[in-house]
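Structure assessment
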Amino acid sequence: IKKIGVLTSGGDSPGMNAAIRAVVRAGLSNDVEVYGIRDGYLGLHQNRIKKLERYSVSDVINRGGTFLGSARFPEFKEESVRRQAIENLKEHGIEALVVIGGDGSYMGAKKLTEMGYPCIGLPGTIDNDIAGTDFTIGFDTALNVILDAVDRLRDTSSSHKRISIVEVMGRHCGDLALSAAVAGGAEFVVVPEQGFDKESLISQIESGIERGKRHALVVICEHITDVNALAKEVETRTQLETRATILGHIQRGGSPTGRDRILASRMGAFAVQLLIEGQGGRCIGLLNNQLVHHDIIDCIENMRRPFNTEMFKLCSTLF
Ligand code: F6P
């Protein structure tokens, strides 16, 4: 293989730059040219493709976001759009594509692979919702951003004897909420995998108050309920002042942690190695600290992420 392309797609995540850097540098070390595609599948469709040099990726390992840009591009579901994308890649002589992104991006890579164009998927999302890997690139950084916010909320809710409800990202995966709750010492956690029972949450808060608790932290995953309405109801029922905080896109920014930089560097170099070995149509994961790869079609169609029930039980033990 002589030429490969790399793009970042979907919601950005800290560590994407480190992954692009690893693809470029590992490629060049093996005499493979690397082409950067701007703004994900959108830029691929618009043929915005440029060769990357060793120095194109200088000083990016510590930067959040993605210097290639990213986009959500639902039109990529259309076969004619993907056909154009493949033509653009072929026009540059690019023989395979490394896609760094979340589940929507994996779907695009799977479809290209099914059309005979080899892709390698790298899990780049803060949500940690990709099958076949223990961790995604960006999860650890987002977790630490959330923890910083949770620690600050603890200070003020403890001073004011308030209940603080914190909504975190994760789309439909509770990993960020669960990890933040355990590491932040929150009293309650609500994740989509376990369903949401408002009455039980309120009665648990009430029994905490009966036991003498003067403040409480609740971490809840997004898309479960309206947290402002929940805060009002909790306040009325418990007679304790309650505030909701939606952390939002702050969670997606910032310099990647060491853990995310290392994960991204290992995965990026591994993607190049697989392509040199002639293996396309794969997606990369880290299981028990070992790099692994799976068939991308099988990963999307059949593999599921297990929910960490041990961690969930730990929450009720420690709260
Ligand atoms: O997938 C990453 C993510 O940040 C999710 O946690 C969140 O639901 C979504 O993207 C937000 O998307 P957007 O940036 O398009 O609003």
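What you see is a predicted model, and the numbers here were worked out from it, not measured in a lab.

**Considerations on the side chain of R25**
Position of R25 among the secondary structure elements: in helix α1 (residues 16–29). One buried charged residue, R25, forms no salt bridge at all, with the nearest opposite charge on D59 at 7.6 Å. In terms of polar contacts, R25 uses its side chain to reach the backbone carbonyl oxygen of R54, at 2.8 Å. When near neighbours in sequence (up to four residues on either side) are disregarded, R25 contacts R54, V57 and S58.

**A word on the sheet that holds strand β9 (residues 242–246)**
Reading across the sheet, the four strands line up as β7-β8-β6-β9 and stay open at both edges, with parallel pairing between neighbours. In the strand order of this sheet, the two ends are held by β7 (188–190) and β9, each with one partner. Adjacent strand axes in the sheet meet at a mean angle of 15 degrees, parallel and antiparallel pairs treated alike. Note that β7 and strand β8 (residues 216–221) share three bridges and pair parallel. Paired with V190 across the two strands is I220, which belongs to β8. Running at roughly 170 degrees to β7, helix α7 (residues 198–210) makes contact with β6 (163–168), β7 and β8 of the sheet. Relative to β9, helix α8 (residues 227–238) is tilted by about 165 degrees, and along the sheet it contacts β6, β8 and β9.

**Describing the site of the ligand**
Close to the ligand lie R72, T125, I126, D127, M169, G170, R171, E222, H223, H249 and R252. At 2.8 Å, a side-chain N or O of R252 approaches an oxygen atom of the ligand. For the ligand, whose free accessible area comes to 400 Å², the fraction covered by protein is 77%. For the shell around the ligand, the residue count by class is two nonpolar, four polar and five charged.

**Examining the nonpolar core**
One finds I4, V6, I20, V98, I100, L122 and I284 to be the most contacted residues of the largest nonpolar core, which totals 32 residues. Taken together, the elements giving at least two residues each to this core come down to β1 (3–9), α1, β4 (96–101), β5 (119–123), α9 (258–276) and β10 (282–287). With eight residues, α9 is the largest single contributor of residues to this core. For I100, the contacting residues outside a window of four places in its chain are V6, L7, T8, S9, M16, A19, I20, L122 and G124.

**Here's the deal with the sheet that holds strand β3 (residues 49–52)**
Judged by pairing direction, the sheet is mixed, and its seven strands sit side by side in the order β3-β2-β1-β4-β5-β10-β11 without closing on themselves. Among the strands making up the open sheet, the edge pair consists of β3 and β11 (290–295). Taken over all neighbouring pairs, the strand axes of this sheet differ in orientation by 30 degrees on average, direction set aside. With four bridges joining them, β1 and strand β2 (residues 33–37) adopt parallel strand pairing. If you follow G5 over to β2, its bridge partner there is Y35. Contacting β1, β2, β3, β4 and β5, α1 runs over the sheet at an angle of about 180 degrees to β1. The strands touched by α9 are β1, β4, β5, β10 and β11; relative to β10, the strand with the most contacts, the crossing angle is about 140 degrees.

**Concerning unusual backbone geometry**
The backbone phi angle of D31 is positive, close to 60 degrees, even though this residue is not glycine. Relative to the elements of secondary structure, D31 occurs in the loop between α1 and β2. One non-glycine residue, R171, lies in positive phi territory at about 55 degrees. The residue R171 is located in the loop between β6 and α6 (175–184) in this model. Here R171 falls in the partly exposed class, since its relative accessible area comes to 31%.

**Details of the pattern of salt bridges**
One pass over the structure, following the stated rule, counts 16 salt bridges. K51 is the partner of E33 in a salt bridge, and the nearest nitrogen-oxygen pair spans 3.6 Å. Taken together, the residues E33 in strand β2 and K51 in strand β3 connect sequence positions 18 residues apart. A salt bridge links E233 to K198, with the nearest nitrogen and oxygen atoms 2.9 Å apart. Linking E233 in helix α8 with K198 in helix α7, this pair joins segments that are 35 residues apart in sequence.

What counts and how
All chains use their own residue numbering, which begins from 1 and follows the written sequence. The predicted nature of this model means local features are confined to residues of pLDDT at least 70 and side-chain atom pairs, given and counted, to a pLDDT of 80 or more, with totals for whole chains, interfaces and linings taken over all residues. Excluded from the side-chain calculations are hydrogens and water; all other atoms, namely the structure's heavy atoms, are used. Helix and strand definitions here come from DSSP, where helices need a minimum of 4 consecutive H or I residues and strands a minimum of 2 consecutive E residues; each element is numbered from the N-terminal end. Accessible area is worked out with a 1.4 Å probe on protein chains only. A residue is then buried under 20% of its type maximum, exposed over 50%, and partly exposed in between. When charges are counted, neither His nor the chain ends are considered; positive counts come from Lys and Arg and negative counts from Asp and Glu. Here, a salt bridge means any Lys or Arg side-chain nitrogen found within 4 Å of an Asp or Glu carboxyl oxygen. N or O atoms within 3.5 Å of each other form a polar contact, as long as, within protein, one can give a hydrogen and the other can take it, and as long as residues adjacent in sequence are counted only when both atoms are side-chain atoms. Any pair of residues with heavy atoms lying within 4.5 Å of one another is described as a contacting pair. Only when DSSP finds a minimum of two bridges between them are two strands counted as paired. Helix axes are fitted to C-alpha atoms over the stretch in contact, other axes to C-alpha atoms as well, and angles between N-to-C directions run from 0 to 180 degrees. Throughout, near means a residue has at least one heavy atom within 4 Å of the molecule or strand. Note on areas: Shrake-Rupley with a 1.4 Å probe; residue coverage comes only from the protein chains shown. The classification used treats Ala, Val, Leu, Ile, Met, Phe, Trp, Tyr, Cys and Pro as nonpolar, Asp, Glu, Lys and Arg as charged, and all other residues, Gly among them, as polar. Each nonpolar core is a collection of buried residues, namely Ala, Val, Leu, Ile, Met, Phe, Trp, Tyr and Cys, held together in the definition by side-chain atoms within 4.5 Å.

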